Amino acid sequence: MRVHHELLSREELPFLALWLVLLSIPLAIALTKFAAVIFLLAFVWAGYIRNLRPHVFLLSVSLISLINIYDLFHYHLFADHLGPVRHIWYLWFLPLVAAMPWSRQHFVDLLRAFILALAVNGLIGVAQALGWHFRNLLGQGPIGLAQTHITFSMMLASGLLLLLFAIKDKKLFWSPRIAVFIFLLLLWQLMFTIGRTGQAVFFILALLVLLWMFPRYRIAGALSVFVVAGIALLSPVLRSRWVQAVFDVYLFFNGWVITSVGLRLVYAHSALQMFAEHPFFGVGAGQFRAAYYDLARRGLEPRLPPVVDSMIGPNNSFLAYLSELGLFGFIPLIVLMGYLWIRAWRQSEPLLRYVQVVTWLWFVLGSFADTFIWLEGQAIPFAILMAVHYVSPKEETPVSALEGVH
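Reading guide: rules and limits
Residues numbered from 1 in each chain as written. Predicted model: local features only at pLDDT ≥ 70, side-chain atom pairs only at ≥ 80, totals over all residues. Heavy atoms only, no water. Helix = DSSP H or I, 4+ residues; strand = E, 2+ residues; numbered from the N terminus. Expected span 1.5 Å × (residues − 1). Buried < 20%, exposed > 50% of the residue type's maximum accessible area, 1.4 Å probe, protein only. pLDDT = per-residue confidence, 0-100. Contact = heavy atoms within 4.5 Å. Phe/Tyr/Trp six-rings, centres within 6.5 Å; stacked < 30°, edge-to-face > 60°. Salt bridge = Lys/Arg side-chain N within 4 Å of Asp/Glu carboxyl O. Axes fitted to C-alpha atoms, helices over the stretch in contact; angles between N-to-C directions. Parallel < 35°, antiparallel > 145°, perpendicular 65-115°, else oblique. Left-handed = near helix turned anticlockwise from the far one by under 90°.

(A) Helix α17 (residues 376-387), seen in detail. For α17, with 12 residues, the first-to-last C-alpha span of 16 Å sits near the 16 Å given by 1.5 Å per residue. For α17, the buried fraction is high: 12 of the 12 residues fall into the buried class. Among the residues making up α17, those that are buried are Glu376, Gly377, Gln378, Ala379, Ile380, Pro381, Phe382, Ala383, Ile384, Leu385, Met386 and Ala387.

Here it is in structure tokens:
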């Protein structure tokens with residue numbers, strides 16, 4: 001175990017700041033921005049800025065950032081909602097984290113911080129379920145201190161997928177018993193939270209993970225996921241939400257679009273129309289709503305009542321970039337995502353490879369729904385976890401990720 005003065009050394013402070021970032025996301029996301037600033041200052045003070053050099057992380061993120069700056073200042077200075085512009089900056093975690101000299105213990109501590117925060121929030125959720133309503137949950141379920149069910153269900157899915165590895169790896173979270181306890185706590189919270197996307201992403205990826213991790217027991221692994229899903233459906237909250245989703249689809253194809261799912265389908269269709277009309281530079285950051293009203297005036301999309309005005313948006317990260325920034329913004333994003341997938345799949349150390357492959361799948365699947373339009377709860381953990389690189393114990397000399405990955 002590292003001694004106290006080593007933990008507070010200049011070289012270790014950026015790692016401590018990253019743990020603070022991941023601790024804050026489930027428990028106090030309002031503080032995440034401050035934790036990010038602390039990390040940036042610690043990174044510069046530790047001297048890791050000298051490790052930055054031309055690399056695909058820097059080139060990709062720089063290009064995406066320039067696209068947003070160009071769009072923001074050249075096109076639409078008075079955009080109503082600059083989601084892609086505001087949240088894209090969190091991708092700057094990628095080159096900074098990649099430049100740090102990681103060890104396996106650093107990475108394990110980082111994962112533990114995130115799981116610990118989720119576990120504490122889960123216990124708060126239990127207190128809420130028992131009647132301790134110190135805040136208005138707005139019918140979202142026992143979400144603890146999390147802001148909304150939308151981002152929180154995806155955070156729960158991420159934690160559960162990490163814990164699947166921890167149950168197999170007996171040293172990752174001190175003991176398998178602790179991992180199982182936290183897993184059951186988070187699974188309960190996911191079952192009673194109304195965020196459907198995190199539920200869908202978890203069960204899809206849990207099946208893939210079990211088939212990947214236990215190839216000798218593929219049939220048993222597949223059956224276990226269906227058994228867990230069946231048990232989960234005993235939750236009245238989860239069951240009612242998915243039954244409602246099916247009914248919403250039925251209503252949509254029968255001409256009624258003013259439902260949770262129906263509106264998302266309308267916005268997806270309108271995003272594709274915007275891209276077809278403005279394929280290269282899109283309609284502009286934050287201009288989705290104005291562009292939708294234009295389509296509605298021309299009879300290409302249904303006119304919506306004022307009550308849903310605040311809900312008009314792409315509700316899909318990829319469609320957000322296609323419609324608002326066009327190919328000029330979308331292609332660099334896809335190049336970066338593709339590179340991160342190749343990099344994750346080629347990792348040789350089992351823990352790092354598992355976390356990055358699963359994190360990539362979790363992020364991409366979630367991006368097809370409304371959980372992530374570059375929000376802190378998904379973008380920051382993704383950027384941090386995908387940028388880490390450390391040498392395996394078999395290698396001789398630690399190097400930074402910028403030097404060790406080609």
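That shown, we press on.
(B) Looking closely at the confidence of the model for the protein chain. When pLDDT is averaged across the protein chain, the result is 81; 77% of the residues are at 70 or more. Here residues 395-406 is modelled with pLDDT under 50, and outside its nearest four sequence neighbours on either side it reaches 25 contacts, counting other chains as well.

(C) Spatial organisation of the packing of aromatic side chains. Under the defined criterion, the tally for this structure stands at 17 aromatic pairs. When the centroid spacing of 5.9 Å and the interplanar angle of 85° are considered together, the rings of Tyr267 and Tyr292 count as edge-to-face. Here the residue Tyr267 occupies a position in helix α13 (residues 260-277), and Tyr292 occupies one in helix α14 (residues 288-297), the gap between them amounting to 25 residues. Tyr292 matches Tyr267 in its accessibility class, with the two residues each being buried.

(D) Structural view of the pattern of salt bridges. The full count for this structure, using the stated rule, is 4 salt bridges. Between Glu277 and Arg298 there is a salt bridge whose closest N-O contact spans 2.9 Å. With Glu277 in helix α13 and Arg298 in the loop between α14 and α15 (317-345), the pair connects residues that are 21 residues apart, well separated along the chain. Classification of Glu277 as partly exposed rests on a relative accessible area of 36%. In this structure, the salt-bridge partner of Asp294 is Arg298, at a minimum N-O distance of 3.0 Å. Classification of Arg298 by relative accessible area gives partly exposed; the value is 43%. The network of salt bridges with common partners includes Glu277, Asp294, Arg297 and Arg298.

(E) Spatial organisation of the packing of helix α2 (residues 13-27) against α17. Running from amino to carboxyl end, α2 crosses α17 at an angle of 150°, the nearest separation of the two axes being 10 Å. Taken together, the axis directions place α2 and α17 in an arrangement best described as roughly antiparallel. Taken as a pair, α2 and α17 cross one another with a handedness that is left-handed. Packed against α2, whose contacting residues are Leu18, Val21, Leu22 and Ile25, the element α17 presents Glu376, Gly377, Ile380, Pro381 and Ile384 at the interface.

(F) Molecular detail of the packing of helix α8 (residues 149-168) against helix α10 (residues 196-213). Relative to each other, α8 and α10 sit at 20°, their axes nearing to 8 Å. The angle between α8 and α10 falls in the class roughly parallel. Crossing of α8 over α10 shows right-handed handedness. Taken together, the residues of α10 that come into contact with α8 (itself represented by Ser153, Met154, Ala157, Leu160, Leu161, Leu164, Phe165 and Lys168) are Thr197, Gly198, Val201, Phe202, Leu205, Ala206, Val209 and Met213.

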